[in-house]
Amino acid sequence: MLGETGAMQVGRRLVTDYEANQGRTLQSMESGWYNGLPHIADLERRASAVAGEHPGRLSADFASYRADGSLDRVIEMKTKQSQHTSFDLYERQIRTAQLLPGTWWLYVPFDCATARPQLVIVSDLRPLITEGRRVPSDDLSARRGSVGAEDRWRFFVSDMLKVGTVVPHDDPSTPTVR
């Protein structure tokens, strides 16, 4: 059984391999809001114009580029060791998804601590965003690395399986745990 770090590595590999199999290249956005990546500044301006907020609030883990260098999507990744667990999306992540429909995608690699990891891809969170899933902010969210105290929405992998597309395990882009 893999630990959390090993599962994260498997999840990242699932996403990277899937994107490569689709002819796209990933650039990490994890070390900052912008990082000078092509096209991201324009997306941030677009999101800011719609939201009326300051630039630099785009929330995603990766930018995915087509072979011609154009931006295809921004991706938020939530890796889970098992499919029987929950995860949170924070207010800024939900807002980014709502402001950039068709551009913001959620990738949930799950069962990453098993020999049969899988990936579910969700392009539209709207059917899942309900007040019943909203969890008010608390001090815990700030301690867990959140940008600040902000509300979050709780989801389960099973929720994603209802609205997303599962990448079959026999897809050549899907790695196996060694």
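Throughout what follows, the structure given in this document is the object of discussion. Every value quoted in this text rests on a predicted model; they were computed, and no experiment measured them.

On to the sheet that holds strand β8 (residues 152-156), then. On the basis of which strands lie adjacent, the open sheet formed by three strands has the order β4-β8-β7 and antiparallel pairing. Strands with a single pairing partner mark the edges of an open sheet, and in this sheet they are β4 (86-90) and β7 (134-135). As paired strands, β7 and β8 are joined by two bridges and run antiparallel to one another. Looking across to β8, one finds that R134 is bridged to W153. This element, helix α3 (residues 91-99), spans β4, β7 and β8 of the sheet and lies at about 70 degrees to β4.

Here we take up the pattern of salt bridges. For the structure shown, the criterion picks out twelve salt bridges. Note that R24 is salt-bridged to D72, the shortest N-O span being 3.6 Å. Of this pair, R24 sits in the loop between α1 (4-21) and β1 (25-28) while D72 is found in strand β3 (residues 71-77), placing the two residues 48 residues apart along the sequence. For the pair R24 and D72, one class covers both residues: buried. Here D159 ties to R133 by a salt bridge, and the two come within 2.8 Å at their closest N and O atoms. Here D159 is found in helix α5 (residues 157-163), whereas its partner R133 is found in the loop between β6 (118-122) and β7, with 26 residues between them in sequence.

Here we take up the sheet that holds strand β2 (residues 62-65). The strand order across the open sheet built from six strands is β1-β2-β3-β5-β6-β9, with neighbouring strands paired in mixed fashion. On the outer flanks of this sheet lie β1 and β9 (165-167), each paired with one strand and no other. Shown here is a sheet whose adjacent strand axes are inclined to one another by a mean of 30 degrees, direction ignored.

The rules behind these values
Residues numbered from 1 in each chain as written. Predicted model: local features only at pLDDT ≥ 70, side-chain atom pairs only at ≥ 80, totals over all residues. Heavy atoms only, no water. Pairing = 2+ DSSP bridges. Helix = DSSP H or I, 4+ residues; strand = E, 2+ residues; numbered from the N terminus. Contact = heavy atoms within 4.5 Å. Axes fitted to C-alpha atoms, helices over the stretch in contact; angles between N-to-C directions. Salt bridge = Lys/Arg side-chain N within 4 Å of Asp/Glu carboxyl O. Buried < 20%, exposed > 50% of the residue type's maximum accessible area, 1.4 Å probe, protein only.

So far we have only geometry, and geometry alone does not tell us how the molecule works.
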